[in-house]
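Structural overview
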Amino acid sequence: MKFLKLFCLVLMLCVSCSESETIDTIEKMERGRRGGGTIDPIEISDDAVDEKNKLMYMTSFLIGKTLIENENARDYFYELIKDSRLTSINLIDIMDSNVVDSNPFEVAFHEQFNAYNWHLNPMSGGPNPPVESSTAEPDPSKWGGILDAQMYYHQYLIEIIELNKWELNFPNKNIYIDNIQNLSDYLIANEKLICLWNMYNTGLYTDGLILNTNGRGSYLPPNFNVSTASSLVMILK
């Protein structure tokens, strides 16, 4: 009888799971109950993790490209982060999901999004394919390619700003940027940005990009330690 009640409970919690996944979950919970141990939480699907990683890759890539390639965007961004006491900034403070192209950074960011992802034609209202996705470096195929054709810019902003509520952290900003040296000065001297994302807050990083001012880019080496970085680091969280 107890197992039957447990079975009904799991069915209500896992209506979207396959039959085999549901039975496996029940067996794990029953073993935990019999053994007096804790019951493992229901795991997030690999597909959901992959989609989030692809979204974090694309967001990190677009922010880095925007700052490297557009001076107006750099100047606007610098004014937001130059205070030495500031160690992070919410994406909602940089972009606005209600007012498209609300500032110089977002104007340039929107252009980068359109270059590397599907977007709406402002004249016809129909879909336009990305024009630069085949030249993206490093190759986005490592993270499943560009965003889905249904992920237009406004929906993308909602995803990163309102649903995920991501922010950028700057662990070594004060080494490279201050009230005298701005972002443009930094890029002239250093020529690269390190853009990381870390969903699990581990000490070392394996997910990230190194973007250069010459348009080239590469993926982060495994087990990257931020404390040893010799360039400006931005971490998307």
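Described below are features of the structure shown in this document. (Residues numbered from 1 in each chain as written. Predicted model: local features only at pLDDT ≥ 70, side-chain atom pairs only at ≥ 80, totals over all residues. Heavy atoms only, no water.)

**Looking at the overall build of the chain**
Each helix and strand counted, the chain has 8 helices and 8 strands in total. Scored against the burial criterion, the 237 residues of the chain give a buried share of 42%. Within the chain, contacts between residues separated by at least 24 positions form 68% of all contacts whose residues are at least 6 apart in sequence. For the chain, the exposed area adds up to about 13000 Å²; of that, 52% sits on carbon and sulfur atoms. (Helix = DSSP H or I, 4+ residues; strand = E, 2+ residues; numbered from the N terminus. Buried < 20%, exposed > 50% of the residue type's maximum accessible area, 1.4 Å probe, protein only. Contact = heavy atoms within 4.5 Å. Areas by Shrake-Rupley, 256 points an atom, 1.4 Å probe, with all protein chains shown as cover.)

**Some points on the packing of aromatic side chains**
Centre distance and the angle of the planes are the two values used to describe a pair of aromatic rings. Scanning all chains against the criterion turns up 12 aromatic pairs. Consider the rings of phenylalanine 61 and tyrosine 116, whose centres lie 5.0 Å apart with planes at 90 degrees: the pair is edge-to-face. Taken together, the residues span a long stretch of sequence, with phenylalanine 61 in helix 3 (residues 46–69) and tyrosine 116 in helix 5 (residues 104–116) at a distance of 55 residues. Given the relative accessible area of 6%, tyrosine 116 is considered buried. A centroid spacing of 6.2 Å and a plane angle of 20 degrees characterise the contact between phenylalanine 109 and tyrosine 156, whose relative ring orientation is stacked. Of this pair, phenylalanine 109 sits in helix 5 while tyrosine 156 sits in helix 6 (residues 153–163), and the two are 47 residues apart along the sequence. With respect to class, phenylalanine 109 is no different from tyrosine 156; both count as buried. Within the aromatic cluster, the residues linked to one another by ring pairs are Phe77, Phe105, Phe109, Phe113, Tyr153, Tyr156 and Phe170. (Phe/Tyr/Trp six-rings, centres within 6.5 Å; stacked < 30°, edge-to-face > 60°.)

**Structural notes on the sheet that holds strand 4 (residues 167–169)**
The strands making up a sheet associate through hydrogen bonds between their backbones, and the pairing can be parallel or antiparallel. Reading across the sheet, the 6 strands line up as 1-4-8-5-6-7 and stay open at both edges, with mixed pairing between neighbours. Of all the strands in the sheet, just strand 1 (88–90) and strand 7 (217–219) have a single pairing partner and so form its edges. Here the average twist between neighbouring strands, direction ignored, is 20 degrees. Where strand 5 (residues 192–197) and strand 6 (residues 208–212) come together, 5 bridges link them in antiparallel fashion. Paired with lysine 192 across the bridge in strand 6 is asparagine 212. (Pairing = 2+ DSSP bridges. Axes fitted to C-alpha atoms, helices over the stretch in contact; angles between N-to-C directions.)

**Notes on helix 4 (residues 71–81)**
If you check which residues of helix 4 are buried, you get Ala73, Arg74, Phe77, Tyr78 and Ile81. Buried residues along helix 4 cover an arc of 130 degrees about the axis, so they all sit on one side. (Arc of directions from axis to C-beta.)

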